[in-house]
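Tertiary structure, described
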Amino acid sequence: MDKVGCYPFMAEPFHCDFNGRLFMGHLGNHMLNAADFHSSARGFGMKYLMSIQCSWVLSRLAIEMKEMPQQYTKFNVETWVESAMRYFTSRNFAVIGEDGKAYGYGRSIWAMIDTESRQPTDIYAIDNGAIENWIVKDKDCPIDKGGRVKMSDDAELVRTIDTYYNDVDINGHINSVKYIEHVLDLWDMEWYRIHQIKRFEIAYVAEAHAGDQLRFYMEKEESSILNSQFSIFNIRIIRSDGTECCRSKVKFL
């Protein structure tokens, strides 16, 4: 079996925005599905892990796109494990058209946790460290790794939302992709008529659950080295009890 997995998807019309381009949230879902297909076929997927009281939890995700696939476009998501440590593993993605066109790439960091204690567990304890057999060190992923999102105390509270049934995933906490959707809803339709998402980063810090209220704080990033055509925003998401859930950075073209 190849160390690199390749899985076919299509930009279905109801998964596309009013511009006819695939939603970033649905692309994130496709990447997470590809990750599960890849890991399950190689013996360390979610179905097996749940049987031994373990689960993968997404810690960081960075997606950088040259362009989003248009509706009805068929494409493949390639995925591979770049490295593994005791408690974390890094997994990369490539979004490639049927004609070989590279739409974009993704980088992710995953932790394995005990589903009862919610604490990290040793990845190398699974099947005597078999994940080491699937690491690919010589395949390029030509985008930067996600960095720490720095924010000041002056960040503006821009939205407060409640969470419900449809926000929750199989792990019992707010779904990783739901955070992406909620962040991208902070800009209105007019913004998306003239801007496209160039890069999206998110780092998950603490779990939130159904019924939790989430507060979104935003701050525009200023940098003299950036081309003025780019707009970069940093977002912090905090539960109503004051716990920080995650931080995100969005770069628009």
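Note: the structure precedes this text.
Residues numbered from 1 in each chain as written. Predicted model: local features only at pLDDT ≥ 70, side-chain atom pairs only at ≥ 80, totals over all residues. Heavy atoms only, no water.

**Section: the overall build of the chain**
Across its full length, the chain carries four helices and ten strands. For the chain, the N- to C-terminal ordering of α and β elements is β-α-α-β-β-β-β-β-α-α-β-β-β-β. Since a compact globule built from 253 residues should have a radius of gyration of about 18 Å, the 18 Å found for the chain is in line with a globular shape. Overall size of the chain, expressed as C-alpha extent along the three principal axes, is 50 × 50 × 35 Å. (Helix = DSSP H or I, 4+ residues; strand = E, 2+ residues; numbered from the N terminus. Rg over C-alpha atoms; globule rule 2.2 N^0.38 Å.)

**Structural notes on the pattern of salt bridges**
A side chain of one charge can pair with a side chain of the opposite charge if their charged atoms are brought near each other. Per the counting criterion, the structure on display carries 14 salt bridges. Residue Glu221 is joined to Lys249 by a salt bridge in which the shortest nitrogen-to-oxygen separation is 2.5 Å. Here Lys249 lies in strand β10 (residues 244-252) and Glu221 lies in the loop between β8 (213-220) and β9 (231-239), a separation of 28 residues in the sequence. Assessed through its relative accessible area of 26%, Glu221 is described here as partly exposed. Classification of Lys249 by relative accessible area gives buried; the value is 17%. A salt bridge links Asp241 to Arg239; the nearest nitrogen and oxygen atoms lie 2.7 Å apart. Assessed through its relative accessible area of 53%, Asp241 is described here as exposed. The exposure class of Arg239 is buried, given its relative accessible area of 13%. The structure contains a network of salt bridges with shared partners spanning Arg21, Glu67 and Lys101. (Salt bridge = Lys/Arg side-chain N within 4 Å of Asp/Glu carboxyl O. Buried < 20%, exposed > 50% of the residue type's maximum accessible area, 1.4 Å probe, protein only.)

**Describing the packing of helix α1 (residues 24-41) against helix α3 (residues 176-184)**
Their axes nearest at 9 Å, the elements α1 and α3 cross at an angle of 165°. On the basis of their axis angle, the class for α1 and α3 is roughly antiparallel. As for how α1 packs across α3, the hand of that crossing is right-handed. For the pair α1 and α3, the contacting residues are Met24, Gly25, Gly28, Asn29 and Leu32 in the first and Val177, Ile180, Glu181 and Leu184 in the second. (Axes fitted to C-alpha atoms, helices over the stretch in contact; angles between N-to-C directions. Parallel < 35°, antiparallel > 145°, perpendicular 65-115°, else oblique. Left-handed = near helix turned anticlockwise from the far one by under 90°. Contact = heavy atoms within 4.5 Å.)

**Here's the deal with the sheet that holds strand β6 (residues 156-162)**
Sheet strands line up and pair through hydrogen bonds in the backbone, either parallel or antiparallel. The strand order across the open sheet built from ten strands is β1-β3-β4-β5-β2-β7-β10-β9-β8-β6, with neighbouring strands paired in antiparallel fashion. The sheet terminates laterally at β1 (5-10) and β6, the two strands that pair on one side only. On average, each strand axis in the sheet is tilted by 25° relative to the strand beside it, whichever way the strands run. Where α3 meets the sheet, its contacts fall on β2 (54-65), β6, β7 (197-204), β8, β9 and β10, and the angle it forms with β7 comes to roughly 130°. (Pairing = 2+ DSSP bridges.)

**Re the side chain of Ser231**
By the secondary structure assignment, Ser231 is in strand β9. For Ser231, a relative accessible area of 10% translates into the label buried. Ignoring sequence-local partners within four residues, the contact set of Ser231 consists of Trp191, Lys220, Val250, Lys251 and Phe252.

**Describing a nonpolar patch on the surface**
Together, Met85, Tyr87 and Phe88 make up an exposed nonpolar region whose accessible area comes to about 280 Å². One can find Phe88 in strand β4 (residues 88-97). The partly exposed category is assigned to Phe88, whose relative accessible area is 36%. (Patch = residues over 30% accessible without salt bridge, like charges linked within 9 Å, V, L, I, M, F, W, Y side chains within 5 Å. Areas by Shrake-Rupley, 256 points an atom, 1.4 Å probe, with all protein chains shown as cover.)

**Topic: the nonpolar core**
Grouped together as the largest cluster of nonpolar side chains are 61 residues, with contacts concentrated most on Met24, Tyr179, Trp187 and Ile235. By size, the runner-up hydrophobic cluster in this structure holds eight residues, among which are Trp80, Ala94, Ile96 and Val136. (Core = buried A, V, L, I, M, F, W, Y, C linked by side-chain atoms within 4.5 Å.)

**What about the environment of Ile96?**
Within the element layout of this structure, Ile96 appears in strand β4. When the C-alpha positions of Ile96 and Ala41 are compared, they lie 21 Å apart, and in sequence the two are 55 residues distant. Excluding anything up to four places from it in sequence, Ile96 contacts Phe75, Asn76, Glu78, Lys101, Ala102 and Tyr103.

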